[in-house]
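Spelled out from the first residue to the last, the chains are:
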Amino acid sequence: MQSHKRLTLLVWVVLATLAMAVSVHAASDLVPIKNLSGDTVYVPKSDLGTIITDGKKPFAGKTITITVNVAGPKGPIEGPLHEWRKPWEELTGGKVNIVGIPYAEHYSKAMTDLLTGTGQYDIFMAGADWYGDLIAGNYIIPIDKYLNDPRFPKWDRSAMPLSQVALHTWQGHWYGVLNDSDGQVLYYRRDILTNASYRQRFKAKYGYDLPVPPKTWEQVRDIAEFFNGWDWNGDGEPDSGMVMHLKVGGQGMFHYASLSAPFVLFPGPTVDRYHNVYWFDPENMNPLINSPGHVRALELLLQLAKFGPSAQLSWDLGEAWDYFMRGKAVLTFSWGDVGGLVQEPGRSVIKGKLGTAMLPGTLEVWDREHNRWVKFDSPNVVGNTTGGSWHGVISALSKNPEVAYHFLAFLAMTPISQWHAYRGWDGVDPGTRHHFLAPQGDAKLEDYVAQGWNAEDVREYTQAYYETFFAERQLPYLRIPGGHEYWVSLDQHISEALTGAVSAKEALDRTARDWDEITNRLGRREQLELYRQSIGYGKPYQEAMGGK
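Residues numbered from 1 in each chain as written. Predicted model: local features only at pLDDT ≥ 70, side-chain atom pairs only at ≥ 80, totals over all residues. Heavy atoms only, no water.

*Asks:* I keep staring at empty space enclosed by the protein and nothing clicks. Help me out?
*Replies:* Remark: the empty space left among the atoms is shown by a probe the size of a water molecule rolled over them. Inspection of every chain in the model, using the stated rule, returns three cavities of 30 Å³ or more. Approximately 60 Å³ is the volume found for the largest cavity. Around the largest cavity, the lining residues are Phe-254, Ala-257, Trp-279, Thr-385, Thr-386, Gly-387, Leu-475, Pro-476, Tyr-477, Leu-478 and Trp-487. The residue inventory of the lining of the largest cavity, partitioned by class, reads eight nonpolar, three polar and no charged. (1 Å grid on protein atoms, 1.4 Å probe; cavity = no way out; pocket = protein on both sides within 12 Å on 5 of 7 lines; lining within 4 Å. Points joined across faces, edges and corners; volume = space filled by probe spheres on them. Nonpolar A, V, L, I, M, F, W, Y, C, P; charged D, E, K, R; others polar.)

So, in structure tokens, the structure goes:
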């Protein structure tokens, strides 16, 4: 009888709790939205936009087509489109046709569609480096008129760091809708770098305490050297100090850009000829890529490459990430995907052992104005948005731009955007205050843990990304016509240096010659004007970054 009473009481408590939950959702007017994985997010009805909430199916009979780097329904960037397509279609009556295109072909196919006026695509999940070509050709539309229109879903632009705002806008106008936030950070084995025995041996060899995390690239070099070539993880095989993805066409040149920024970017209060510039001289479009700061940085990258597996010269992203996640390297630096993938038990053995930090700086910076190296008392650290920050832009040829914007805005709503950050595998990396933990943001540690994250791993991970994206100084993003060509040239010549075919200086001299040819072919005067616009030339630094 007593047990029956306890059971009755338990049932009552459960029912009451469920009733309270329902009433809370009802009282706060939350709408449940369930995705392909079976997870449900709750969105305030007022945030869905009046197009949905008036109960009609406004987009019935309309189909939009979206291009994306092919990865499949559970792959990065493409996967989230599949996750939320069906619920959006059920709410609006519209249809979404997802077209996956290999990374190496995506840009050219998109540009062919635009240049020929074919117009078979409504949305491109574009890399931010496409903007120079897209803007110069008026191939995509500004979305300013939709942003505060109550008919469309609400997404929070104010939570984005200026470094990310700059990638989604041009001359004060919005073109892109929030999705992925790319930037590179340093990943390290927290358990190995804090090992007392290893630390003692490191100090004996280098004469200083092993820093956790390292604050300069020179410290990174020492750590990578120290841990390379011996069995520090106890698996009976020699292990590596560093691993990178260095295959030509495998986005290895992004490693170089992130590493080189603090050697090159001389800080100052304005964006002028000698301060806060990285790619070209903003007076004449002469390449800066073979200046002494760049050369020293590439020489360091070549040293780091020697402290990793020789096979990494032919590795793309996945192969390098897997090597790190198998516990074979103590360091890597790459995108936010690594933090999420490390949490997957079937793929990683280092969950709970992952340290993450903003990329290090350097104590010497090349001063172009006075042609000298300048020593700093503290490291010159530079944030970065290196990578694609893959997000949706709307084709000027789209016959359904409102439908296209509605779908993109739906994906960018805070509850869905947070789900992407919590989930990790989806390639949509964190970048707004809604993804960061308190006090920097309003994401909840328990929500990350519920999706399988180790608590300490995610604390360091989100802190590193907050510091990277909100850093005072940022690596300028290359956003001019021909951007893809400039990157490809850099990628190819860095590879020549990595294989030992040429020196770092010669590799960058060759890159500079290529860049001059590209610039001359596209029109030096026109390129110069767009380059100045893209970096906010002549403006106070914060204003150039999109601030007031």
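*Asks:* Sorry if this is basic, but what is going on with the packing of helix H11 (residues 253–264) against helix H19 (residues 483–498) here?
*Replies:* For any two helices packed against each other, one specifies the inter-axial angle together with the distance between the axes. Closest axis-to-axis distance for the H11/H19 pair is 9 Å, and the angle between their directions is 95°. As the angle between them shows, H11 and H19 are arranged roughly perpendicular. Here Met-253, Phe-254, Tyr-256 and Ala-257 of H11 come into contact with H19, specifically with Trp-487, Leu-490, Asp-491 and Ile-494. Of the residues belonging to the contact of H11 with H19, the class tally is seven nonpolar, no polar and one charged. (Axes fitted to C-alpha atoms, helices over the stretch in contact; angles between N-to-C directions. Helix = DSSP H or I, 4+ residues; strand = E, 2+ residues; numbered from the N terminus. Parallel < 35°, antiparallel > 145°, perpendicular 65-115°, else oblique. Contact = heavy atoms within 4.5 Å.)

*Asks:* Teacher, can you tell me more about the pairing of strand E4 (residues 95–101) here?
*Replies:* Looking along a regular strand, one sees side chains alternate from face to face of the sheet. In the sheet, strand E3 (residues 63–69) pairs with E4 via seven bridges, with the strands oriented parallel. By the bridge assignment for E4, Thr-67 is matched with Val-99. Once the chain exits E3 it traverses helix H3 (residues 78–92) before rejoining the sheet at E4, and the crossover so formed is right-handed. (Pairing = 2+ DSSP bridges. Right-handed = clockwise from strand over helix to strand, strands pointing away.)

*Asks:* Help me understand the layout of surface pockets, please; the structure alone is not making it clear to me.
*Replies:* Roughly 930 Å³ of volume is contained in the largest pocket. Forming the boundary of the largest pocket are 41 residues, of which Asn-69, Tyr-103, Gln-251, Leu-317 and Trp-390 lie nearest the centre. Those elements that place two or more of their residues in the lining of the largest pocket are helix H4 (103–115), H11, helix H13 (317–325), helix H14 (337–341) and H19. Here the lining of the largest pocket takes five residues from H19, the largest share from any one element. Within the lining of the largest pocket, the residues separate by chemical class into 21 nonpolar, 12 polar and eight charged.

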